[in-house]
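# Notes for the structure review
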Amino acid sequence: MSTKSPSSKNILWIIAKVLIFMLCLYLAYLVLKPLLGIILSIGFWIIKVAVVVFISLLVLHLLLRIIFKIDLLEIIFGVRWPK
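Notes on the structure in this doc start here.

### Points about the overall build of the chain
From N to C terminus, the chain includes two helices and zero strands. Put simply, the chain has 83 residues, and 5% of those count as buried.

What follows is the structure, given as structure tokens:
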């Protein structure tokens, strides 16, 4: 076990590395912020469209079943799979 005290050069080097790391993180944030906004907006738009299509098919199925006694799942898939 060493009883030597750490040199000031070593501490300054660690502080410099931490500052460089923080600067790199900040630059990455500045560069990726617009890209992340675009990717999230496209993802939310896709999810929104998928939910609207699913809900409209569900409402169409329920209305056809209640009003006309037509089973939309049987027409689409041929056989009622949840027997």
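### Points about the side chain of His61
Relative to the elements of secondary structure, His61 occurs in helix 1 (residues 8-68). Among residues more than four places away in sequence, those in contact with His61 are Asp71, Leu72 and Leu73.

### A few points about unusual backbone geometry
The residue Lys69 is not glycine, and still its phi comes out positive at about 55°. Among the secondary structure elements, Lys69 is positioned in the loop between helix 1 and helix 2 (72-77).

Cut-offs used in this document
- Residues numbered from 1 in each chain as written.
- Predicted model: local features only at pLDDT ≥ 70, side-chain atom pairs only at ≥ 80, totals over all residues.
- Heavy atoms only, no water.
- Helix = DSSP H or I, 4+ residues; strand = E, 2+ residues; numbered from the N terminus.
- Buried < 20%, exposed > 50% of the residue type's maximum accessible area, 1.4 Å probe, protein only.
- Contact = heavy atoms within 4.5 Å.

Read these as layout, nothing more, since geometry by itself doesn't imply function.
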